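Observations on chain architecture
Chain by chain, the residues run as shown.
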Protein chains: 2
Amino acid sequence: MAARDSNPNFMNGVPELLILRLLQQEDMYGYEIVQAIRSRTDAVIAVGEGVVYPVLHGLERDGAITSRRRTVNSRSRIYYSVTSAGSHRLADLSEAWTNLAAAIQEMLTGGQREQVIL
Amino acid sequence: MAARDSNPNFMNGVPELLILRLLQQEDMYGYEIVQAIRSRTDAVIAVGEGVVYPVLHGLERDGAITSRRRTVNSRSRIYYSVTSAGSHRLADLSEAWTNLAAAIQEMLTGGQREQVIL
DNA sequence: TGCAATACCTTGAACCTCGAGGTATTGTGG
DNA sequence: CCACAATACCTCGAGGTTCAAGGTATTGCA
């Protein structure tokens, strides 16, 4: 079957990665996550609500996070918490991202041919 | 009008970035590029021909690279070279990527709240 | 009362990438 | 001589993401 190599869509899941990471540090709700990503990256990354909410629903469906409704300051919000499964998923995504970023960085900077010394 | 912010599809164009980078170091042909990306990243990144060829055609259409047919070892190949416009484009993409990677890295590692000291 | 901010959500279009398939040529083993 | 693998080019359809925009509802303030 032609050996399935290539990457599982290497770039995907960055929003998911960031969301899981934020939730691991602190329970948050969707609207807050949108702003947190923007402010913590100095607007380098800015995902819209149209990205965040579907990702949250998907993560919950997969059991990576759980939700509970809470009212704070007379505001009804849905807070999300990372489950242990979600924590594991975060670790995987995080490692995948690190490998990817390192590979690209290597291509961008270390251009010079090197001889492999045995 | 909600202020158009957000990123221009922040993840896209990684294949384009890598291809331009390779071509800046050395003229190459499509088939060679596919293998170069795989081998130089230790298969961490592996883009198929279905990605590379369309990108090459797009870059050429935009004047970022030029092509010329050459026969080497009785093999007919289309070699691509980066133009000055392409070089500029590479610089832009490269910087954008660096910013993005730094922002994500910051989110993944530097999680702890810090007080800004004035 | 009206408007901005908070807070949730969905949808359609646009864009990429993947995987598979198609053509043609060259070199090699049987 | 033939078949097959490797080289080398290319295109297409399916699937998955992201974006931008819009929709609903509540709260607080002028």
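As the structure is a computational prediction, the values presented were derived from the model and not from experiment.

We now examine the overall build of chain A. Regarding its fold elements, chain A presents four helices and three strands. Helices and strands in chain A line up, N terminus first, as α-β-α-α-β-β-α. Within chain A, the fraction of its 118 residues that count as buried is 37%. Sequence separation of at least 24 residues holds for 45% of the intrachain contacts in chain A that already meet a minimum separation of 6. Summed over its atoms, the accessible surface of chain A is roughly 7000 Å², and 50% of this surface lies on carbon and sulfur atoms.

With that settled, consider the pairing of strand β3 (residues 75-82) of chain A. Residue and element names in this part refer to chain A. One ladder, built from two bridges, connects strand β1 (residues 28-29) with β3; its direction is antiparallel. Bridging from a neighbouring strand, M28 pairs with Y80 of β3. Between strand β2 (residues 65-72) and β3, which pair antiparallel and follow one another directly, the connecting turn spans two residues, one of which, N73, has a positive phi of 55°.

This part covers the pairing of strand β2 (residues 65-72) of chain B. Here β2 of chain B runs beside strand β3 (residues 75-82) of chain B; their pairing, made up of eight bridges, is antiparallel. Bridging across to β3 of chain B, T66 of chain B finds its partner in S81 of chain B.

This next bit is on the sheet that holds strand β1 (residues 28-29) of chain B. One open sheet holds the three strands; their spatial order is β1-β3-β2 (chain B), and the pairing between them is antiparallel. Only two strands of the sheet have a single neighbouring strand rather than two, namely β1 and β2 of chain B.

In the predicted model, chain A carries a mean pLDDT of 86, and the fraction of residues at 70 or more is 83%. Note on residues 1-8 of chain A: pLDDT is under 50 here. Beyond four places in sequence and across chains, it has five contacts.

This paragraph deals with the packing of helix α4 (residues 84-108) of chain A against helix α4 (residues 84-108) of chain B. Where α4 of chain A meets α4 of chain B, the closest approach of the two axes is 11 Å, and the angle between their N-to-C directions is 150°. Classified by the interaxial angle, the pair formed by α4 of chain A and α4 of chain B is roughly antiparallel. At the point where α4 of chain A passes α4 of chain B, the crossing takes the left-handed sense. Between α4 of chain A and α4 of chain B, the residues in contact are S94, W97, A101, I104, Q105 and L108 of chain A and S94, W97, A101, I104, Q105 and L108 of chain B, respectively. Class assignment of the residues belonging to the contact of α4 of chain A with α4 of chain B gives a composition of eight nonpolar, four polar and no charged.

Moving on, we come to the sheet that holds β3 of chain A. All names here are of chain A. As summarised here, the arrangement of the three strands in space is β1-β3-β2, forming an open sheet in which the pairing is antiparallel. Each having just a single partner strand, β1 and β2 make up the two edges of the open sheet. Packed on one face of the sheet, helix α1 (residues 14-25) meets β1, β2 and β3 and runs near 100° to β3.

Mapped onto the secondary structure, T41 of chain A falls in the loop between α2 (30-40) and α3 (49-61). Engagement of the side chain of T41 of chain A in a polar contact is seen with the backbone oxygen of I37 of chain A, the distance being 2.8 Å. The residues touching T41 of chain A, leaving out its near neighbours within four places in the chain, are A103 and M107 of chain B.

Here we take up unusual backbone geometry. Backbone geometry places N73 of chain A, a non-glycine residue, at a positive phi of 55°. Mapped onto the elements of the fold, N73 of chain A is located in the loop between β2 and β3. Its identity as a non-glycine residue notwithstanding, D42 of chain B has a phi of 55°, on the positive side. Following the sequence through the fold, D42 of chain B ends up in the loop between α2 (30-40) and α3 (49-61). Under the relative-accessibility criterion, D42 of chain B is labelled exposed at 67%.

Basis of the calculations
- Residues numbered from 1 in each chain as written.
- Chains lettered and ligands numbered in written order.
- Predicted model: local features only at pLDDT ≥ 70, side-chain atom pairs only at ≥ 80, totals over all residues.
- Heavy atoms only, no water.
- Helix = DSSP H or I, 4+ residues; strand = E, 2+ residues; numbered from the N terminus.
- Buried < 20%, exposed > 50% of the residue type's maximum accessible area, 1.4 Å probe, protein only.
- Contact = heavy atoms within 4.5 Å.
- Areas by Shrake-Rupley, 256 points an atom, 1.4 Å probe, with all protein chains shown as cover.
- Pairing = 2+ DSSP bridges.
- pLDDT = per-residue confidence, 0-100.
- Axes fitted to C-alpha atoms, helices over the stretch in contact; angles between N-to-C directions.
- Parallel < 35°, antiparallel > 145°, perpendicular 65-115°, else oblique.
- Left-handed = near helix turned anticlockwise from the far one by under 90°.
- Nonpolar A, V, L, I, M, F, W, Y, C, P; charged D, E, K, R; others polar.
- Polar contact = N/O pair within 3.5 Å; in protein donor to acceptor, adjacent residues only side chain to side chain.

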